[in-house]
Amino acid sequence: MTGDDRPTVPPVRLPAEAELARDALASPLLSRAARLARWAGEGVRVGAGGELSDESLERAAAHLGLDGEDGLAHAERAWDTALDTGLLEIREDDGADGDSGADENDGADGDGEAGGGTAVPGEELSLLTGGAPGDVLDVWRDGLEAALADAAAPALEDLLGELGAEGEDGRIDPDSLDLDALDWDPEEEADFLDGALGNLYVLTATDPAVTDGAMVPLPVLAASMVAPEDMEHPTDSVLEDVSTAMVRLDEQFRMLEPIGIVDYRPVDEALIEEADGGEPGGHDAPDDFGGPDEEDLARYGMVRLTPLGLYGLRQRLLEAGVHAPVVGDLARESARELLAALPGHGEEAARHEIELWLARRAPLEAARELLAAARGDDRDAPRRRLACQQALSITGAEAEPALREVLDDGHLGGLARVWLSERGFADVPAPSEEMVFWLTVDTLAAQLATEEGGDDSEELRELVRGLVDQHSGFFDKAWRVDHPATGEVLEAMSRVHPDRKAAKDARKAAYRARSRG
């Protein structure tokens, strides 16, 4: 959470707007929409809803180099996108004779219906070639919203079939429509898609492999939507839920890929054919969400957000009131603000954020500012000091004087010795036992704060075991440490240490520390 209690997501790295705009122009759906808007020339007659006649749709598909039923579907979607984004505008008229007066080579025709109008290039079309990158991205975002709405809606044929609207001759029978039988909640479907994209956004921000471009297996993403987080071996019921989620996501990502928000490798058609022996249209999830066989897992679908997708989702999060930072936002901020924010960054994002912050400052002054910001006895101070160590690890030898200046500082002397020793500097004084124990408590306090009330991590368990094993009589000395978090740290050690006697000693030490306080 941020200081104003807004929900927050981890920061992401984004290319420059110019690069994002180029990606937007190259996305298949917007590119086709722009081509059709130019093809419209002096006007194309359309129906009352802006739809093309069958003949005009065939011409539009031919102009895009598309053929067959799929080609017509792609052309129709591109035409709708051109209307949704303002690349095309509808001029209403009386539809007297449908003659636009335009040459057929410009895409005009006279087969519109009465009550319709004429589609002509809209004002937004000029922005794609003459506007700033931000203008291009605004047009693309309108297309994204339309694509998301389409992806969250069932196909018309499926909807009508579910409603029992087809008569014996295959035609739609309005009298047979049973709206109460429709098992589709538009709001729930949109929330499901938003949730999946949100999970993908966080994975891209926090998982180093995904940040670097690795694709996320569709079963893993589906499981993140419906399976309990701590479930290692899914039950049959959970696997069924995951399979259902995979079907939905497979259809939705196929719809979203043309707008450029995701790269998607669809579910292997052979799997679908195998599953058709059971429930039509289904494909079972693998028994293991992660699975050792990545190649086999890839058959169930793979997805990743594109940089353009990260940009688009971030804009939607901002509009929803979510704090969605970008790496580099902190470059001009104070060291204290930097250190406070770093614990919420993924590993790669944190490193780049620090590098951008350091690039604007002289090394020695930057180190002094970081060390000054790391002081304090407040509850967040241990995490600031841990972030300070992370930031100082990137600094070079020029920072040495700043570290030597704090060797006698009770809060910073320990981390200063670590920094100087790791770089091989001479004349580094050995720490006192009191300083060693204080640094140990401070480090554990930072680790506990980072986990933010969740389950104790294996990293914390290993750290506690190692500390107790290395220091005989650890708890007899630890309770005396003059640190605000000593009692809390010892209580946590009693909770995570596997040895019953050590855990009991830790509880006693925690009690003594709190009594002493």
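Residues numbered from 1 in each chain as written. Predicted model: local features only at pLDDT ≥ 70, side-chain atom pairs only at ≥ 80, totals over all residues. Heavy atoms only, no water.

## A short note on the packing of aromatic side chains
In step 1: This model, assessed by the stated rule, comprises 6 aromatic pairs.
In step 2: A ring pair is formed by Trp140 and Tyr311, whose centres lie 6.5 Å apart and whose planes are at 40°; its orientation type is tilted. On the criterion of sequence distance, the pair formed by Trp140 in helix α6 (residues 133-151) and Tyr311 in helix α14 (residues 307-319) is long-range, its members being 171 residues apart. Side by side, Trp140 and Tyr311 carry an identical accessibility label, which is buried.
In step 3: When the ring of Phe474 is compared with that of Phe475, the centres are 5.3 Å apart and the planes differ by 90°; the resulting orientation is edge-to-face. Pair check on accessibility: Phe474 and Phe475 agree, each one buried.
In step 4: Joined through ring pairs, the aromatic side chains of Phe437, Phe474 and Phe475 make up one cluster.
In step 5: The ring of Phe192 has Arg248 lying over it, and the distance from NZ or CZ to the ring centre is 3.7 Å. (Phe/Tyr/Trp six-rings, centres within 6.5 Å; stacked < 30°, edge-to-face > 60°. Helix = DSSP H or I, 4+ residues; strand = E, 2+ residues; numbered from the N terminus. Buried < 20%, exposed > 50% of the residue type's maximum accessible area, 1.4 Å probe, protein only. Lys NZ or Arg CZ within 6 Å of the ring centre and 35° of its normal.)

## Re the packing of helix α8 (residues 186-206) against α14
In step 1: Where α8 meets α14, the axes come as close as 11 Å, and the angle between the chain directions of the two elements is 115°. By crossing handedness, the relation of α8 to α14 is classed as left-handed. Seen from α8, the contacting residues are Asp194, Leu197, Tyr201 and Thr204; seen from α14, they are Leu310, Leu313, Arg314, Arg316 and Leu317.
In step 2: In terms of residue class, the contact of α8 with α14 is made up of 5 nonpolar, 1 polar and 3 charged. (Axes fitted to C-alpha atoms, helices over the stretch in contact; angles between N-to-C directions. Left-handed = near helix turned anticlockwise from the far one by under 90°. Contact = heavy atoms within 4.5 Å. Nonpolar A, V, L, I, M, F, W, Y, C, P; charged D, E, K, R; others polar.)

## Some remarks on the confidence of the model for the protein
In step 1: Here the protein averages 85 in pLDDT, while 82% of its residues score no lower than 70.
In step 2: Element-level pLDDT for the protein is lowest in helix α7 (residues 156-162), with a mean of 53, against a maximum mean of 98 in helix α1 (residues 17-26). (pLDDT = per-residue confidence, 0-100.)

## Quick word on the sheet that holds strand β3 (residues 117-121)
In step 1: Read across the sheet, 3 strands follow the order β1-β3-β2 without closing on themselves; strand pairing throughout is antiparallel. Each edge of the open sheet carries a strand with a single partner, namely β1 (44-46) and β2 (88-92). Averaged over all adjacent pairs, the angle separating strand axes in this sheet is 40°, with direction ignored.
In step 2: Sheet analysis places β2 next to β3, joined by 5 bridges and oriented antiparallel. By the bridge assignment for β3, Arg91 is matched with Thr118.
In step 3: Here helix α4 (residues 68-84) sits on the sheet in contact with β1, β2 and β3, set at roughly 80° to β2. (Pairing = 2+ DSSP bridges.)

## Comments concerning unusual backbone geometry
What is expected of a backbone is that most residues other than glycine have negative phi and most peptide bonds are trans.
In step 1: Its identity as a non-glycine residue notwithstanding, Asp427 has a phi of 60°, on the positive side.
In step 2: Inspection of the secondary structure assignment puts Asp427 in the loop between α20 (413-422) and α21 (433-451).

## Comments concerning helix α16 (residues 347-359)
In step 1: Taking 1.5 Å per residue, 13 residues should reach 18 Å; α16 reaches 19 Å between its end C-alpha atoms and fits that length.
In step 2: Ala349, Ala350, Glu353, Ile354, Trp357 and Leu358 are the residues of α16 that are buried. For α16, the angular spread of buried residues about the axis comes to 165°, placing them on one side.
In step 3: The inward-facing, buried residues of α16 contact α15 (335-341), α17 (363-374) and α18 (381-392). (Expected span 1.5 Å × (residues − 1). Arc of directions from axis to C-beta.)

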